[in-house]
Amino acid sequence: MTLAERFAQMPVLRFFSALVPVTCGMLAVLLANLPVPLFGGLVPTPLLGLVPVYFWCLVRPDLMTPAVTLVIGLLEDVVSGGPPGVWTLSFVLTYALVARQRDSFAGLSGLVAVLGFAAAAAFACACAWLTVAALHGRPPLFAPIFSELAMTVLFYVPATFVIGIIHRHLVGPLRSDF
Amino acid sequence: MANGVWKIARRGNAQLPLVIVIALAVVLVLVGKAQSGLFDSARTRLTDWMQPMLESVHAPVQSFGRFAGSIGEIFSVYQENLRLKDENARLRQWRNVAVVMQGRVARYQSLLHAVPDPDVNSVLARVIGRASRPFLETMILDAGRTSNVKPGEAVVDARGMIGRIYLAGDRTSWVILLTDLNSRIPVTIVHNDAKVGNTQAIMAGDNTPMPALDTLSRQVHLNVGDQVVSSGDGGLLPPGLPIGTVVGDAGSYRVALLAEAASSEDVEVLAFRRAPETLPPGTSAQLPAVAAGLKPVVPAPVMPVVAPQVAPLTTLQAATRPIPSASQAPLEVAKPGPASDEPPPP
């Protein structure tokens, strides 16, 4: 029996492994919303909080539940300073889309998988754009939200690499009942 | 990617919670629209808690940004030096004009017994963070309620107005920039042609570098280069704060801001509160004319008695009244337009 398999039999560690996705999501939100301009403020910061939501919604939806997505979106709203509830609603609706089309998204590989995430991120940004337009009574500009989408897709591959390592070492061995 | 690497778990039976969570998110949007104070207090507490970390992180990032920005300027130092010398010579001429105009305005104020503008206290603050999000352009200052910073107060740097305080925590405060989608500022457009009166408008940000001028009637014609200053309507912002100049944009007008928020490091928060207007006093001795030293209007006497004469102030006496200092009325001085490169008239 390997060390990971021994850990998997410990209830306490199994409990903490269930907190890894929400912890990663919240850390990603805090990291992305550090008030330090990226590249001199020329480009917006990426929606890093969406990457853990998308990843674990595909891989382990029992750990990335709708309630966890709500919490991550709520933190994004609080720290980003924008209109309250906009990113919460966007994250939850994106989760609903990805969860409904989970087999399609999970079957993608390589560059097409990046395009799959780009589609989900575009859906999230479109939801946020429409919500803000409804709140303000006039449509905001496309360019800033499009820049945010481009940066989010650009950061997807490195972020997924890090999340994959975390999942492989913390979540996977301890939660191998699926 | 996920299918090739990760073992996919079975579909979660979370349809009912998903519907409930979506409903909660919609309610959150509506509650946030109605009462944003709940989110605001959480934001200010978070930035207050993160202030030491932000200050320590901001310093090396700022140094790196200066270093990276200076690399490109090395190759244009000579041309930049010539340009600055030329600009300095022209600014010296404008300064002489400003000094003459300041003296003239002071004399006029003295002759007219003008009431000086109220003092504007300011709080110096340092920018410790910036955020450029699709729906919010903001900066975070290291001064909060403990420094008497309050929401709504104007934030300026040496060049002009940057924005106004949006949230005030104990030790930090958030600034909503003039370019932000939520920014609305009442402004006055001072025409370069003195024969044309000033025009009132609302400057609305839309996340572009140049905010738009709204609520202008169709008959109003603006010229490129007209000065845009704060109007002071509403009593929250002091009137006359320099903001920018008018530029045309395909049938509409926008404002090229004087201040550049992306490079501002030290700013001032102006604590301006217009004093509430009071009704005229009931006694004749406190009427404005009497208070200004003018001869009061004496009602027709019923009986022919000799009334004591109130000696009016002579010109010399009027001129020796305390004159408002330049710091008390800095906004009344006619400022030369920065967009104009012409030397001042002789």
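Remember, predicted model here, so these are calculated numbers, not experimental data.

Scoring rules and cut-offs
- Along each chain, the written sequence defines residue order, and numbers are assigned to residues from 1.
- Lettering of chains starts at A and numbering of ligands starts at 1, both following the order in which they are written.
- Local features in this predicted model are restricted to residues of pLDDT 70 or higher, and side-chain atom pairs are both shown and tallied only at a pLDDT of 80 or more, whereas totals for entire chains, interfaces and linings draw on every residue.
- A run of DSSP states H or I qualifies as a helix once it reaches four residues; a run of E qualifies as a strand once it reaches two. Both are numbered from the N-terminal end.
- Residue burial is a threshold on neighbouring C-beta atoms within 10 Å of the residue's own C-beta, all placed from the backbone, with 20 or more meaning buried, 12 or fewer meaning exposed, and counts in between meaning partly exposed.
- Contact between two residues is assigned whenever their backbone-derived C-beta positions fall within 7 Å.
- Two strands form a pair only when DSSP identifies at least two bridges running between them.
- Geometry is summarised by axes, namely lines fitted to C-alpha atoms with helices restricted to the contacting stretch, and by angles between N-to-C directions that run from 0 to 180 degrees.
- Amino acids outside the nonpolar list (Ala, Val, Leu, Ile, Met, Phe, Trp, Tyr, Cys, Pro) and the charged list (Asp, Glu, Lys, Arg) are all regarded as polar, and Gly is one of them.
- Here the angle decides the label: under 35 degrees means roughly parallel, over 145 means roughly antiparallel, 65 to 115 means roughly perpendicular, and every other value means oblique.
- For a crossing to be left-handed, the near helix must be turned anticlockwise from the far one by less than a right angle; the clockwise case is right-handed.

Caption draft 1: Representation of the overall build of chain A. Counting its secondary structure elements, chain A contains 9 helices and 0 strands. N-terminal to C-terminal, the α/β element order of chain A is α-α-α-α-α-α-α-α-α. Within chain A, the proportion of its 178 residues that are buried is 51%. Restricting to contacts in chain A with at least 6 residues of sequence separation, those with at least 24 account for 69%.

Caption draft 2: Region of interest: the pairing of strand S2 (residues 136-141) of chain B. All names here are of chain B. Taking burial as the measure, the 6 residues of S2 include 6 buried ones, the bulk of the element. Hairpin connection, strand S1 (residues 121-133) to S2: the antiparallel pair is bridged by 2 residues. Here S2 pairs with strand S5 (residues 173-177) via 4 bridges, running antiparallel. Among the inter-strand pairings, Leu141 is bridged to a residue of S5, identified as Ser173.

Caption draft 3: Just the sheet that holds strand S4 (residues 161-168) of chain B, in detail. Residue and element names in this part refer to chain B. The strand order S1-S2-S5-S4-S3-S12 describes a closed barrel built from 6 strands, whose pairing is antiparallel. In this sheet, neighbouring strand axes are inclined to one another by 45° on average, regardless of whether the strands run parallel or antiparallel. Pairing analysis gives 3 bridges linking strand S3 (residues 154-156) to strand S12 (residues 266-271), with the strands arranged antiparallel. Bridge pairing in S12 places Ala154 opposite Leu270.

Caption draft 4: A look at the environment of Thr245(B). Residues and elements named next belong to chain B. Locating Thr245 in the fold gives a position in strand S10 (residues 242-249). For Thr245, a count of 23 C-beta atoms within 10 Å corresponds to the buried category. Sequence-wise, Thr245 and Leu257 are 12 residues apart; in three dimensions their C-alpha atoms are separated by 6.7 Å.

Caption draft 5: The interface of chain B and chain A, seen in detail. Taken together, the contact between chain B and chain A spans 50 residues of the former and 50 residues of the latter. For the side of chain B that touches chain A, the secondary structure elements donating two or more residues are helix H1 (2-5), helix H2 (15-34), helix H3 (37-73), S1 and S2 of chain B. Among the residues making up the side of chain B that touches chain A, the classes are represented as 30 nonpolar, 12 polar and 8 charged.

Caption draft 6: Quick look at the packing of helix H2 (residues 11-32) of chain A against helix H4 (residues 66-80) of chain A. Residue and element names in this part refer to chain A. Remark: H2 packs on H4, axes separated minimally by 9 Å, with the N-to-C direction vectors making an angle of 15°. It follows that H2 is roughly parallel to H4 by the angle criterion. At the point where H2 passes H4, the crossing takes the right-handed sense. Across the interface between the two elements, Pro21, Val22, Gly25, Met26, Val29 and Leu30 of H2 pack against Val68, Val71, Ile72, Leu75, Glu76 and Val79 of H4. Residues of the contact of H2 with H4, tallied by class, amount to 10 nonpolar, 1 polar and 1 charged.

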